[in-house]
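Each chain, written out:
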There are 4 protein chains.
Amino acid sequence: MERFVDINCDIGEGFGIHRPGFDEEIMSHISSASIACGFHAGDPVHMRQTVGLAEAANLAIGAHPGLPDLMGFGRREMMISPDEARDYVIYQIGALQAFTRTKKLQHVKPHGALYNMGSRCEALARAVAEGVREADPDLILVGMAGSAWLTVGRELGLRVAVEAFADRSVNPDGTLVPRSLPGAVITDVDEAVSRVLRIVTEGKVRAVDGVDLEMRADTICVHGDTPGAADLSRVLRRQVEAAGLTVAPMGTFCR
Amino acid sequence: MERFVDINCDIGEGFGIHRPGFDEEIMSHISSASIACGFHAGDPVHMRQTVGLAEAANLAIGAHPGLPDLMGFGRREMMISPDEARDYVIYQIGALQAFTRTKKLQHVKPHGALYNMGSRCEALARAVAEGVREADPDLILVGMAGSAWLTVGRELGLRVAVEAFADRSVNPDGTLVPRSLPGAVITDVDEAVSRVLRIVTEGKVRAVDGVDLEMRADTICVHGDTPGAADLSRVLRRQVEAAGLTVAPMGTFCR
Amino acid sequence: MERFVDINCDIGEGFGIHRPGFDEEIMSHISSASIACGFHAGDPVHMRQTVGLAEAANLAIGAHPGLPDLMGFGRREMMISPDEARDYVIYQIGALQAFTRTKKLQHVKPHGALYNMGSRCEALARAVAEGVREADPDLILVGMAGSAWLTVGRELGLRVAVEAFADRSVNPDGTLVPRSLPGAVITDVDEAVSRVLRIVTEGKVRAVDGVDLEMRADTICVHGDTPGAADLSRVLRRQVEAAGLTVAPMGTFCR
Amino acid sequence: MERFVDINCDIGEGFGIHRPGFDEEIMSHISSASIACGFHAGDPVHMRQTVGLAEAANLAIGAHPGLPDLMGFGRREMMISPDEARDYVIYQIGALQAFTRTKKLQHVKPHGALYNMGSRCEALARAVAEGVREADPDLILVGMAGSAWLTVGRELGLRVAVEAFADRSVNPDGTLVPRSLPGAVITDVDEAVSRVLRIVTEGKVRAVDGVDLEMRADTICVHGDTPGAADLSRVLRRQVEAAGLTVAPMGTFCR
């Protein structure tokens, strides 16, 4: 049986004159693009350009909505209400949709602190998932294995995609080690790729305590702002394909 | 033959805890709502609430996109490029669409300085009109009589609606007297209503120099932030109907 | 012996065209003004005007710095780092100082969520207090009775002022009942004034569980955005003076 | 007689995670730093770090205030009123001052579109110069040769510094060729340095029409965001010193 995996990357995360470094190069190796929508990064001019590049590269496009915190790049948790979160996400999905040729997105993957908050807070995840469904019930909601995103997404009848991270180490409970801690970001390409291969072939990953965890993934995230991301995405795709998997947008196989 | 006119109002122009005063009252007298989309006013929470109120009041809904100038309420001209203008408008249209039940808007009416700049600058108006068409070719573009909005809108194959202002005095060339000048805003309800009646029945308005101008209108704008706007909209609707016109959303009669 | 109390109000909390309602009226009844500095509210034009009005009313002026969250009016906790908090506060103090005649402020009173976060988090309060001292070691740091603001402020050698709230009910541990809960804001003027009189004469306040707490105060806060704030400040001042206290800026008696 | 010239660079022009590339390297070659203050770039965390680096490098520090247009990097003209401009500049000067050890700045150099607008509009330049004087009458106002900044600055009793640009070509009337035109930015280091040497030794520069203009300068600007800026600043300083001039902060010789 053919096995599939998606490789996604957060792109378009510049703002004004500040441009992300490697977007174009990365785009030739991934299958889905999660594009910033203006709240944590990505102004309308960036969004249009990034959508254009992603469409030219035949990538599936998703929204990467964040908290309204440009100064903190959406990485600082904010005690917004579930209703606010829902409305912020609807707004950003709609804004990005309008730049696409088809006026349809494949998926929604919350960014940074919003992603982390919703992973553990069901009320917040549910409100956001309702916003996603309200914007377009065909959208796939992307969340980490074991997170509230997946349970509430399924409950609400949305398709969901389980995400794992190529370049981030995980705690024994499967959550990401926070960026502020040493070793949170895996910068060695070979190590990152080996981890992904184990996830997609064995369904396992080694946590920071050295113990293996069950972890499966529909989509592998490569962070566009990690140094070496272009290299990582290139090697990752080659190795995943060498291991017999087909790299394809999550929308072609997630249900 | 039945004659139609639309009454539109800019609503949802608060931000955060700052709420516009009279939106709900005004909504019971108008036929189309132009809703702020977050750049000059109107955050996502306001937008959702305002869309909900407008839908409950059976109003046709349009986008009211502005310049990225929250501090200046979008009223200060900014030398943005046509491409930037186009992208800012696509973004705002998309964001607002996503809050509506039908995911369709009736019209787009640029706000403040963007409206004024595009009235006289064809390159800017054309770029914005292209953005409107790209977002949704069924959208109606609203612009002042004699403005570039109407000519470029028609050129691009968009439906257009000619707008006149109930509460603003006009220069001999048909442009609006700038808000910074005395007498720019007509605060007397009876005077404002009489002016509108002449426009919709005789096709004429008196300019500040006392000379009559030709002026027709598909839609009459009542500014939501003018003191007495609720009162004005109520009296205006009654008098327009008493004069034998049918008040209806522009989408039902503009082509 | 003469007893003193300060009455302070948060003012200048509009933004752009959105103007706070009652600032001018309130200013004739209070002794210290805490002025918004642009992060949660208060753009430079507002700040200049508000400083001018406060100076004309002979009020002592302080900074009211907030979190960088205009959309949420600084009322949503954000997981900023202590270093970020320190830098945000230095920035806002400096900006406000520059608008004053003397280039000196009397006090710093953090706003909203920053005030609440620092009340219970010593690391955050210490970083902010260091920022206050770095900006000007003569500044008085204002914090609630029992809060970390007072302990760290004293540790760092700053003068501190103990604050109580005329219009907010308190939990049994002396913290404020959150605005999201019923009964958090006391809207009855007589009740608010009676509570203050007990605090300044007996050193006691009744918590929401009906039990009396010890509570003293150097300065009483009247929130400018509570309906009836102008009325409250007028009655409060009269009654406090009738009870034999002298209403004066905290800088004249805090050490 | 000893001849002096200042070399200044706009630094600290990142925002959030977006960091300017070459600030530290450039700082070892210049004498004055013009630091972004949060409106077009430079959040409080950046400002503190940049001030710290500039102080460590023994640079004289000035404010580089811009228009409130983060998305456009302050490069798009905005029709703000003179009063707004004055208040925006006072705010930004105050904010930056608070991060310095001495709470004093050497100079104010408006950024981007504000600099250009004030160069030709006396009313705007005067309002800003009044703001500078109000913030601190000892500040030096920096403006291009022939610009309104210099005339109004002198009229108001401020010290002024005449600025020339190492990396920008000039029109026959002495104004800068706009960045949107080809050839506006001089990227060849040798050419840029030769131009500066002519200005500081002969008082002449060649305009784009090939005709020489009179141009003198107290301070030479190297743009931090021009590719090769670090290299340019290094070579420039060496050559200027080789030509017998002393490179020193404008505050030591401007009056």
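Worth saying up front: this structure is predicted, and the values here are computed from it rather than measured. (Residues numbered from 1 in each chain as written. Chains lettered and ligands numbered in written order. Predicted model: local features only at pLDDT ≥ 70, side-chain atom pairs only at ≥ 80, totals over all residues. Heavy atoms only, no water.)

### Structural notes on the pairing of strand β6 (residues 159-165) of chain D
All names here are of chain D. The element β6 is largely enclosed, with a buried count of 6 among its 7 residues. Note that strand β5 (residues 140-144) and β6 share 5 bridges and pair parallel. Bridge pairing links V142 to A161 in β6. This β-α-β element, β5 to helix α6 (residues 148-155) to β6, shows right-handed connectivity. (Buried < 20%, exposed > 50% of the residue type's maximum accessible area, 1.4 Å probe, protein only. Helix = DSSP H or I, 4+ residues; strand = E, 2+ residues; numbered from the N terminus. Pairing = 2+ DSSP bridges. Right-handed = clockwise from strand over helix to strand, strands pointing away.)

### Brief notes about the relation of the copies chain D and chain A
Between chain D and chain A, which share one sequence, the superposing operator has a rotation angle of 180° and an axial displacement of 0.0 Å; the RMSD is 0.0 Å. On the angle and the small slide along the axis, the relation comes out as a two-fold axis. Across chain D, the smallest distance between a C-alpha and the rotation axis is recorded for D:H18, namely 3.1 Å. Both copies share a contact surface, since 100% of the interface residues of chain D are interface residues in chain A too. (Least-squares fit on C-alpha atoms with pLDDT ≥ 70 in both. Contact = heavy atoms within 4.5 Å.)

### Describing the confidence of the model for chain A
A residue-level look at chain A finds 100% of positions with pLDDT of 70 or above and a mean pLDDT of 94. Across the assembled chains, the prediction reports ipTM 0.95 with pTM 0.96. (pLDDT = per-residue confidence, 0-100.)

### Concerning the interface of chain A and chain B
Interfaces are frequently sized by the accessible area removed from exposure as the parts join. On the chain B side, the residues contacting the 20 residues of chain A number 20 residues. Roughly 1,800 Å² of surface becomes buried between chain A and chain B when both sides are summed, with 63% attributable to carbon and sulfur atoms. Where chain A packs against chain B, one counts 4 salt bridges. Note that A:D87 and B:R48 form a salt bridge whose closest N and O atoms lie 3.6 Å from each other. For the pair chain A and chain B, the interface holds 6 residue pairs in polar contact (both at pLDDT 80 or more). When residues of the side of chain A that touches chain B are traced back to their parent elements, those giving at least two are α2 (44-56), α3 (82-97) and α5 (122-135) of chain A. If one sorts the elements of the side of chain A that touches chain B by residue count, α3(A) sits on top with 8 residues. Of the residues assigned to the side of chain A that touches chain B, the class counts are 12 nonpolar, 2 polar and 6 charged. (Buried area = accessible area lost by both parts, 1.4 Å probe. Salt bridge = Lys/Arg side-chain N within 4 Å of Asp/Glu carboxyl O. Polar contact = N/O pair within 3.5 Å; in protein donor to acceptor, adjacent residues only side chain to side chain. Nonpolar A, V, L, I, M, F, W, Y, C, P; charged D, E, K, R; others polar.)

### Thoughts on the packing of aromatic side chains
In this structure the tally under the stated criterion is 18 aromatic pairs over all chains. Here the aromatic rings of C:Y91 and D:Y91 are separated by 5.9 Å at their centres, their planes lie at 65°, and the arrangement is edge-to-face. Of this pair, C:Y91 sits in helix α3 (residues 82-97) while D:Y91 sits in helix α3 (residues 82-97), placing the two residues on different chains. You'll find C:Y91 and D:Y91 in the same group, each marked buried. Among the aromatic residues, those joined into a ring-pair cluster are A:F39, A:Y88, A:Y91, B:F39, B:Y88 and B:Y91. (Phe/Tyr/Trp six-rings, centres within 6.5 Å; stacked < 30°, edge-to-face > 60°.)

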